[in-house]
Amino acid sequence: MVYVLALLIGVVAGLRAMTAPAAIAWAAYLGWLDLSGSWLAFMGSVWAVGVFTILAVVELVTDQLPSTPSRKVPQQFGARLVMGALTGAALSMPGFAAMGMSSVVIGVIAGIIGAVVGTYGGAAARSRLAASFGKDPPAAFIEDAVAIIGAYLIVATLPVPVTP
């Protein structure tokens, strides 16, 4: 189940690169995802929550600008792959104790695959929606909503860690 969630958070990263890490940071900060003692523990800090949330909001705004480059250009695509990998790793980190590094590697791979799917699938869906609306903004807002709601549903699905 964790790897399916890693794949799905990667899809969110493909749709909106910064929404996925913002959701993971919030989940870690709120105690929904235990990253303590791992190299991703910083994701649960108030700083990570603030930075990723601000970046996600800025991305939502700049995505509406006509001058924003395509998500498929190397810089945009690379950022989505990195964020998919990071968030996929974070979701698989609680399994590290039981499975070791292989759980994190599988999470990274699932996150990257999800980011590719989200990038290309999101671009195709948005193009079709924009064509049906006759303009892009409604399609962009729908894509924003899918990314935000999807990210929330993914982190809300996580089993709350039990603290000793």
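Further up the page is the structure itself.
The sections below set out a description of the structure shown in this document. (Residues numbered from 1 in each chain as written. Predicted model: local features only at pLDDT ≥ 70, side-chain atom pairs only at ≥ 80, totals over all residues. Heavy atoms only, no water.)

**Considering the packing of helix α1 (residues 2–15) against helix α2 (residues 19–29)**
It is the contact of α1 with α2, at a shortest axis distance of 7 Å, that shows an interaxial angle of 130°. The orientation of α1 relative to α2 falls into the category oblique. In this structure, α1 uses I9, V12 and A13 to contact α2, whose residues at the interface are T19, A20 and I24. Split into classes, the residues belonging to the contact of α1 with α2 amount to five nonpolar, one polar and no charged. (Axes fitted to C-alpha atoms, helices over the stretch in contact; angles between N-to-C directions. Helix = DSSP H or I, 4+ residues; strand = E, 2+ residues; numbered from the N terminus. Parallel < 35°, antiparallel > 145°, perpendicular 65-115°, else oblique. Contact = heavy atoms within 4.5 Å. Nonpolar A, V, L, I, M, F, W, Y, C, P; charged D, E, K, R; others polar.)

**Examining a nonpolar patch on the surface**
Where nonpolar side chains cluster on the molecular surface, the patch consists of L7, M101, V105, I109, I113 and V117 and spans about 510 Å² of accessible area. Looking at the nonpolar patch, the element that brings in the most residues is helix α6 (residues 101–133), giving five residues. Positionally, I113 belongs in helix α6. (Patch = residues over 30% accessible without salt bridge, like charges linked within 9 Å, V, L, I, M, F, W, Y side chains within 5 Å. Areas by Shrake-Rupley, 256 points an atom, 1.4 Å probe, with all protein chains shown as cover. Salt bridge = Lys/Arg side-chain N within 4 Å of Asp/Glu carboxyl O.)

**Examining the nonpolar core**
Residues I24, L33, L35, L40, M43, F52 and L91 are the most contacted members of the largest nonpolar core, which totals 34 residues. If you list the elements that add at least two residues to this core, you get α1, α2, α3 (46–62), α4 (74–92) and α7 (137–157). By residue number, the principal contributor to this core is α2, which donates seven residues. (Core = buried A, V, L, I, M, F, W, Y, C linked by side-chain atoms within 4.5 Å. Buried < 20%, exposed > 50% of the residue type's maximum accessible area, 1.4 Å probe, protein only.)

**What about α4?**
For α4, built from 19 residues, the straight-helix expectation of 27 Å at 1.5 Å per residue is met to within 8% by its first-to-last C-alpha distance of 27 Å. Among the residues of α4, those classed as buried are F77, R80, M83, G84, A85, L86, T87, G88, A89, A90, L91 and S92. (Expected span 1.5 Å × (residues − 1).)

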